[in-house]
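Examining the three-dimensional arrangement
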Amino acid sequence: MTVALVEAYATLARRVLAGPARLGRTRLVAVDGPSGAGKSVFTARLADALADLPGGGRPPVVHTDDLLDGWDDQFTFWTRLEERVLTPLRDGRPGSYRRYSWVRRAFLPRDVPVPVAPVLLLEGVSAARAAIRPELTLSVQVTAPGPVRLRRALDRDGAHLLAELRRWHAGEEAHFAVDRTADAVDLLVDGAPTLPHDRDHYYVRRPAPAGAPGPAAAVGRRSGPTAGSGSPGGPR
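Everything quoted here is computed from the prediction, not taken from an experiment.

What follows deals with the overall build of the protein chain. Secondary structure assignment for the protein chain yields six helices and nine strands. Buried positions account for 52% of the 236 residues belonging to the protein chain.

Listed below in structure tokens is the structure:
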């Protein structure tokens, strides 16, 4: 029998802050999953929960869509993220990046600062890829059925992007199969839950695949490291 559990964002936020910082002095939380699954909503609500903790502040959020150089940069943007954001934070320095405009089809000229903070939320497709896992305090994959995700994307971006979205979804499927993301993340979240719950304060956790470590071991299970967006047309 498949069992899903309703859990509180506030509890998860406390677990994040109690976990070790593995990217310099920063606790990096990666929220991964296919487009249209509900990653941005989950990330925003976790950010709210972190901000509500005593003495806490709202963590910076980096959306990988903001770093993409258009539709053909689905996974190759990572070098840009490493150079502009992850490497500086790893060294205890603030990072920055240029936000891609899906309307202008170009990067905007102004830098977006990424401060050295106790927590950084990284949201987007492949955010929890294998290359960064040793430095993550928490990894999450948000999932939803394919038809639901496609309908959300079309409602958001328009039917004229159907061909691009289908190509994008095929790329996601191939990436997740090779990366084995669902087997590796600490937490699987249902982005289209049917269980009744307060969605502003709770999420629905899905069971881990057989043989995966599972979310019971989330936050602190590793030994340590080994080494304008929102515009119409984006893949989110």
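Strand order across the open sheet formed by seven strands is S1-S9-S8-S7-S2-S6-S3, with mixed pairing between neighbours. Each having just a single partner strand, strand S1 (5-8) and strand S3 (61-63) make up the two edges of the open sheet. Direction aside, neighbouring strands of the sheet carry axes that sit 30° apart on average. Where strand S7 (residues 136-143) lies against strand S8 (residues 187-190), four bridges are found, and the strand directions are parallel. Paired with Gln141 across the two strands is Leu188, which belongs to S8. Packing against the sheet, helix H2 (residues 39-52) makes contact with strand S2 (27-32), S3, strand S6 (119-123), S7, S8 and strand S9 (202-206), and its axis sits at approximately 170° to S6.

By the definition in use, this model includes eight aromatic pairs. Between Trp71 and Trp102, the aromatic rings sit 5.5 Å apart at their centres with planes inclined by 75°, giving edge-to-face as the arrangement. Taken together, the positions of Trp71 in the loop between S3 and helix H3 (78-90) and Trp102 in the loop between strand S4 (95-101) and strand S5 (106-114) put the pair 31 residues apart, joining distant regions of the chain. An identical accessibility class is assigned to Trp71 and Trp102; each is buried. Considering the side-chain rings of Tyr100 and Phe107, the 5.2 Å spacing of their centres and the 75° angle between planes classify their relative orientation as edge-to-face. In this structure Tyr100 comes out as buried when scored by relative accessible area, which is 3%. Ring pairs connect the aromatic residues Trp71, Tyr100, Trp102, Phe107 and Trp168, which therefore count as one cluster.

Turning to the packing of helix H1 (residues 9-18) against H2, a few remarks are in order. In contact at an axis separation of 8 Å, H1 and H2 are set at 70° when each is read in the N-to-C sense. Taken together, the axes of H1 and H2 lie roughly perpendicular to each other. Counting all contacts with H1, which are made through Tyr9, Ala10, Leu12, Ala13 and Leu17, the residues of H2 involved are Phe42, Arg45, Leu46, Ala49 and Leu50. Looking at the contact of H1 with H2 residue by residue, the classes come out as nine nonpolar, no polar and one charged.

Looking now at the environment of Leu5. Residue placement: Leu5 occurs in strand S1. Exposure remark for Leu5: the relative accessible area of 37% places this residue in the partly exposed category. Along the chain, Leu5 and Asp190 lie 185 residues apart, while their C-alpha atoms are 9.8 Å from each other.

Definitions and limits used
Residues numbered from 1 in each chain as written. Predicted model: local features only at pLDDT ≥ 70, side-chain atom pairs only at ≥ 80, totals over all residues. Heavy atoms only, no water. Helix = DSSP H or I, 4+ residues; strand = E, 2+ residues; numbered from the N terminus. Buried < 20%, exposed > 50% of the residue type's maximum accessible area, 1.4 Å probe, protein only. Pairing = 2+ DSSP bridges. Axes fitted to C-alpha atoms, helices over the stretch in contact; angles between N-to-C directions. Contact = heavy atoms within 4.5 Å. Phe/Tyr/Trp six-rings, centres within 6.5 Å; stacked < 30°, edge-to-face > 60°. Parallel < 35°, antiparallel > 145°, perpendicular 65-115°, else oblique. Nonpolar A, V, L, I, M, F, W, Y, C, P; charged D, E, K, R; others polar.

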